[in-house]
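# Summary of the model geometry
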Protein chains: 4
Amino acid sequence: MTTTQVTLVQIDNYGPWTVTPEPRREMDLQTLQSRLFADIAEFLGHRDGYAFFTRFDNMIAVTNGVDGDAHATLQESIGNRYPVTISLGTAVSDRPVDALEAANRELQHEGSAQDAGRTEVLAGEYLTETAPTDVQIAHFDVVNATGKYTDRLNEFDTFINIEQAYASLMRYLREAHGALSFFVGGDNIIAVCPDLPESAFTEAVDHVGGDVDVELQVGVGRGATAHEAGFAAKHALEDCRHDGTSVEMIGTPAASD
Amino acid sequence: MTTTQVTLVQIDNYGPWTVTPEPRREMDLQTLQSRLFADIAEFLGHRDGYAFFTRFDNMIAVTNGVDGDAHATLQESIGNRYPVTISLGTAVSDRPVDALEAANRELQHEGSAQDAGRTEVLAGEYLTETAPTDVQIAHFDVVNATGKYTDRLNEFDTFINIEQAYASLMRYLREAHGALSFFVGGDNIIAVCPDLPESAFTEAVDHVGGDVDVELQVGVGRGATAHEAGFAAKHALEDCRHDGTSVEMIGTPAASD
Amino acid sequence: MTTTQVTLVQIDNYGPWTVTPEPRREMDLQTLQSRLFADIAEFLGHRDGYAFFTRFDNMIAVTNGVDGDAHATLQESIGNRYPVTISLGTAVSDRPVDALEAANRELQHEGSAQDAGRTEVLAGEYLTETAPTDVQIAHFDVVNATGKYTDRLNEFDTFINIEQAYASLMRYLREAHGALSFFVGGDNIIAVCPDLPESAFTEAVDHVGGDVDVELQVGVGRGATAHEAGFAAKHALEDCRHDGTSVEMIGTPAASD
Amino acid sequence: MTTTQVTLVQIDNYGPWTVTPEPRREMDLQTLQSRLFADIAEFLGHRDGYAFFTRFDNMIAVTNGVDGDAHATLQESIGNRYPVTISLGTAVSDRPVDALEAANRELQHEGSAQDAGRTEVLAGEYLTETAPTDVQIAHFDVVNATGKYTDRLNEFDTFINIEQAYASLMRYLREAHGALSFFVGGDNIIAVCPDLPESAFTEAVDHVGGDVDVELQVGVGRGATAHEAGFAAKHALEDCRHDGTSVEMIGTPAASD
């Protein structure tokens, strides 16, 4: 079984801020958003967590091993250095989507994301310890994306293909397993999963191939933290690339049988 | 008619770099990518261009008014400050996708995106002047996204809805009109368009509503640069929000009739 | 007695890099250096350490409570995201300058700062625990700097006064007590001290007043980490401002007598 | 004769902000300040200007070739992305210190640097064109700094030597010639000068040698902008390093005699 700690990072009252007193320059917003995400990815990454940009005004993170004090430090530091503040809701569950659901409710209970009086909420619960196989991460990419797409099509048509694969995979893994999948650039998708066997990943790859005709491969890893699990998944994906296989699993209970 | 100058920004040989000598920590890559994009957005934004993160290893920008010297400065500056380098291909056309296609070919002719010997390509052609209605930008968002999604669903399920809307819109506008649409965070999508009438936007909104059941509204603007057009579009979108309309156009030749 | 853990951060072979193959643009170097420092300050600051920019190619940090694993993470992360790498030497002593001296030797033993083969050294020793009064920090500023200087003189002449005060204080505290003093912007100087009584700070303030005719005030704090001690020092300095006193001490063994 | 355009960048009401409602974490302030400076250095550097961090809350820039619109863009962009705002005063004179003095008065006339009601001042005058020898830059460094200091002394004692050299040079060049000198990291000092002959630089090097016993060398360049002049100065300094000379001048009217 997995035990995933998920943190929802929400910029407080961001939408109204972006148009007050009148719309702000779009590239200033893009610069602000991407640097804010970079800071959060850096902060959590150095503590072996993973952060995903998602919609930028709402970001989702896997934070096994990151305690409440660290969350408070992050919130204070952002508040000191940005023109906006963030709220953080954290929860734990075996299914990632259930952890997110609970984390999300912590913020929703306090008020709307666009309630000017609801700022810097810090709520939820944190794991007191980590265990070696708490987190399962699957790292997907597209088989020969450079040869098939990047070097042949224009970038937007390449992107359409990657986007359709992502849209298909994210919905499938959410509905079938309560997993949370994130596009992380290039042709890479990282899925935070509950305890899934190899067959589930084969089915996911098959689903996307049938649905939008994009061929994926996936490395799957397990660890005490997102970084540990994700790093094993990256190594497993390297095995796919070298061996021409579709699914490789490393460090998982099943893999060690 | 529109005249759009499009620049493709491609990180040189990035995929191999991310796994050499072994896979690099994912959050270091995320931090690197998002800060690199932020720098490019800041640089081009200050020259009234727009940059979109797209796949992060390949970014697409609208650069009317940004000349070849400025592109060279950007390339040199990134090369001095990052562990990776970038290639830049630029081209001009009335349809954005045609400009991108030509910009992209400038790089593809020089070699593969994963060719270690093909670095810091700077190629293409630049407009020598700008004209007041050269660029048309449409800024879409989701009607009452906070009330319908953010405050009610968990963030991932909200994101699925936004993603499906984006996947639907990006494909539709590409195929119907050769427009390039980019998710820019929150519930916002910015489309770089050829010369389109109001009816085309009504049809796009209707298409997405019918396809994935998400209700969009859109402000459309026109200007000499991406910023000018995009800023007008933002103001038009504010009109939609206040007046409850689906499509508003500002600063366009049709609007001034 | 104090127990200070000091880390020397040195960019590997930086001087030659800045002029290879020919001199790089100065503002690219300034941007690189200040962002690299910002990342290190953020990383250590979130772990209750203090980092000082010093000469930017060599930075000095107080790292009580930051262990060897965290130092390794910082080094790896910088290596993944910058075109340069860093070496880190760490040591512990009761006098800050002795800790720095030992930390510095760890790197010097491995080769020159401009030896292309000496990269990413990670050496030294780390405290296994922290104690409540291990670190003493003194936070100086100039009495009424805005009224006397900033609002009356041109900025460079103001800066000359601040610089002379800093040059005088840094040398005095180094020679008299083995303390390490750093200009941190505005009219602020932070000194990392051994166990010093109130009279030592009165003498330092008097020395600078007599030497360069700039009137300082100072808050002194004590804590288990640089942040704890420095935060107490900031509060003590607020007391100086409100009460018109020259030296205030908080949280120090002497203060609690 | 030189014609130098100088811009004073002042963070509005920064001191009070750093302690409201209570003192903010020092490393958050350091991170904020150095990233703000990095953004300004990047912005102006890409327009061939030079920015210097000086006291961080007040920064001095040489902005020949950067017009009022660009200054307005910078101010707006910082205001959109930081929790603080900046004021900008700009002026032109043959002597750099006179330009700064006039630029500074533009802000002082509007109110105190710590007046909460005086924000985002944008004032002054800008050159309408640049001329090939408007700016003279001298780039100093310490002869064999790595061998004499960095590899032999502890970093703080090295820094004391560099600081004393800087304090001596900055004061000398200010008083003798109205030049503005800035430490830019490592063992490098950049001086923005009026029209000075080679003998003036020889005297400056001699002064510092006699005053604090640190041996400097200097490359001097001339150009239409800070970058052009500074780049020539860097090349001239390379000549000093290779030829063992103390002063080299490139691109100056005298040099071309």
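Residues numbered from 1 in each chain as written. Chains lettered and ligands numbered in written order. Predicted model: local features only at pLDDT ≥ 70, side-chain atom pairs only at ≥ 80, totals over all residues. Heavy atoms only, no water.

What counts is decided by this rule: UniProt positions are given in the numbering used here, feature names are shortened, and annotations may be inferred rather than shown by experiment.
Chain A has the name GTP cyclohydrolase III in an unreviewed UniProt entry, where Halorubrum tibetense is given as its organism. Per UniProt, the comment on chain A under Catalytic activity (unreviewed entry) is "GTP + 3 H2O = 2-amino-5-formylamino-6-(5-phospho-D-ribosylamino)pyrimidin-4(3H)-one + 2 phosphate + 2 H(+)". Per UniProt, the comment on chain A under Function (unreviewed entry) is "Catalyzes the formation of 2-amino-5-formylamino-6-ribofuranosylamino-4(3H)-pyrimidinone ribonucleotide monophosphate and inorganic phosphate from GTP. Also has an independent pyrophosphate phosphohydrolase activity."

## Some thoughts on the overall build of chain A
Defined as follows: Each helix is a run of H or I in the DSSP string that is no shorter than four residues. Each strand is a run of E no shorter than two, and both are numbered from the N terminus. When a residue's accessible area, from a 1.4 Å probe over protein chains only, is under 20% of the maximum for its type it is buried; when over 50% it is exposed; and in between it is partly exposed. Contact definition: two residues touch when any of their heavy atoms are within 4.5 Å.
For chain A, the count of helices and strands is 8 helices and 10 strands. Projected onto its principal axes, the C-alpha positions of chain A cover 55 × 45 × 30 Å. The buried share of chain A, reckoned over its 257 residues, is 67%. In chain A, the proportion of contacts linking residues at least 24 apart, taken out of those at least 6 apart, comes to 71%.

## Focus on the relation of the copies chain D and chain B
Applicable threshold: Overlaid copies result from least-squares superposition on C-alpha atoms, with residues included only where pLDDT is at least 70 in both.
For the pair chain D and chain B, the best superposition has an RMSD of 0.0 Å and corresponds to a rotation of 180° with a translation of 0.0 Å parallel to the axis. Such a combination of rotation and displacement between the chain copies is what one expects of a two-fold axis. Measuring from the rotation axis to each C-alpha of chain D, the shortest distance belongs to Phe43 of chain D, at 3.7 Å. A share of 100% of the interface residues of chain D reappears at the interface of chain B, consistent with the copies meeting face to face through the same patch.

## A closer look at the packing of helix α6 (residues 155-177) of chain B against helix α7 (residues 198-212) of chain B
When two helices pack together, their arrangement is given by the angle between their axes and by how far apart the axes lie. All names here are of chain B. Formally: Orientation is described by axes fitted as lines to C-alpha atoms, over the contacting stretch for helices, and by angles from 0 to 180 degrees between their N-to-C directions. The labels follow the angle: roughly parallel below 35 degrees, roughly antiparallel above 145, roughly perpendicular from 65 to 115, and oblique for the rest. Crossing handedness: left-handed means the near helix sits turned counterclockwise from the far one by under a right angle, and right-handed means the same turn made clockwise. Under the convention adopted here, Pro, Cys and the residues Ala, Val, Leu, Ile, Met, Phe, Trp and Tyr are nonpolar, Asp, Glu, Lys and Arg are charged, and Gly plus all remaining residues are polar.
Running from N to C, α6 and α7 point in directions that differ by 135°, and their axes come no closer than 9 Å. Judged by the angle between their axes, α6 and α7 are oblique. Once α6 is placed against α7, the crossing between them reads as right-handed. Residues Gln164, Ala165, Ser168, Leu169, Arg171, Tyr172, Leu173 and His177 of α6 lie in contact with α7, whose contacting residues are Ala200, Glu203, Ala204, His207, Val208, Asp211 and Val212. When its residues are assigned to classes, the contact of α6 with α7 shows 8 nonpolar, 4 polar and 3 charged.

## Comments concerning the interface of chain C and chain D
Interfaces are often sized by the accessible area lost when the parts come together. Applied cut-off: Buried surface area refers to the total accessible area, computed with a probe of radius 1.4 Å, that the two partners give up upon joining, counted for both partners together. Salt bridge, as used here: a side-chain nitrogen of Lys or Arg that lies within 4 Å of a carboxyl oxygen of Asp or Glu.
Counting residues at the interface gives 79 residues for chain C, matched by 79 residues for chain D. In this assembly, chain C packs against chain D so that about 6500 Å² is buried in total across both faces, 57% of it on carbon and sulfur atoms. Looking only at chain C, the three residues that lose the most surface to chain D are Met27, Arg55 and Phe156 of chain C, adding up to 13% of its buried area. Counting every contact that joins chain C to chain D gives 12 salt bridges. In this structure, the salt-bridge partner of Glu26 of chain D is Lys234 of chain C, at a minimum N-O distance of 2.8 Å.

## A closer look at helix α3 (residues 68-81) of chain A
Residue and element names in this part refer to chain A. Here is the rule: Helix span, expected: 1.5 Å multiplied by one less than the number of residues in the helix. Counting of polar contacts relies on pairs of N or O atoms within 3.5 Å, with two restrictions inside protein: one atom must be capable of donating a hydrogen and the other of accepting it, and residues adjacent in sequence are counted only when both atoms are side-chain atoms.
Between the first and last C-alpha of α3 there are 20 Å, a value that for 14 residues agrees with the 20 Å anticipated at 1.5 Å per step. Here α3 lies mainly inside the structure; 11 of its 14 residues are buried. Looking only at α3, the buried set comprises Gly68, Ala70, His71, Thr73, Leu74, Gln75, Ser77, Ile78, Gly79, Asn80 and Arg81. Between the side-chain oxygen of the N-cap and the backbone nitrogen of Asp69 there are 3.2 Å, and the N-cap of α3 in question is Asp67.

## Concerning the pattern of salt bridges
Counted by the stated rule, this structure contains 71 salt bridges over all chains. For Asp28 of chain A, the salt bridge identified is with Arg81 of chain D, shortest N-O distance 4.0 Å. Note that Asp28 of chain A is positioned in helix α2 (residues 26-45) and Arg81 of chain D in helix α3 (residues 68-81), a pairing that runs across two chains. Of the two residues examined, Asp28 of chain A and Arg81 of chain D, each falls in the buried class. Close ionic contact of Arg95 of chain A with Asp98 of chain A constitutes a salt bridge, the shortest N to O distance being 3.0 Å. With a relative accessible area of 30%, Arg95 of chain A lands in the partly exposed category. Three or more residues joined by partner-sharing salt bridges are found here, namely Asp28 and Arg35 of chain A, Asp39, Glu42 and Arg81 of chain B, Asp28 and Arg35 of chain C together with Asp39, Glu42 and Arg81 of chain D.

## Side note on the environment of Phe159 of chain B
Within the secondary structure layout, Phe159 of chain B lies in helix α6. When sequence neighbours within four positions are dropped, the list of residues in contact with Phe159 of chain B reads Thr54, Arg55, Tyr166 and Met170 of chain A together with Phe183 of chain B.

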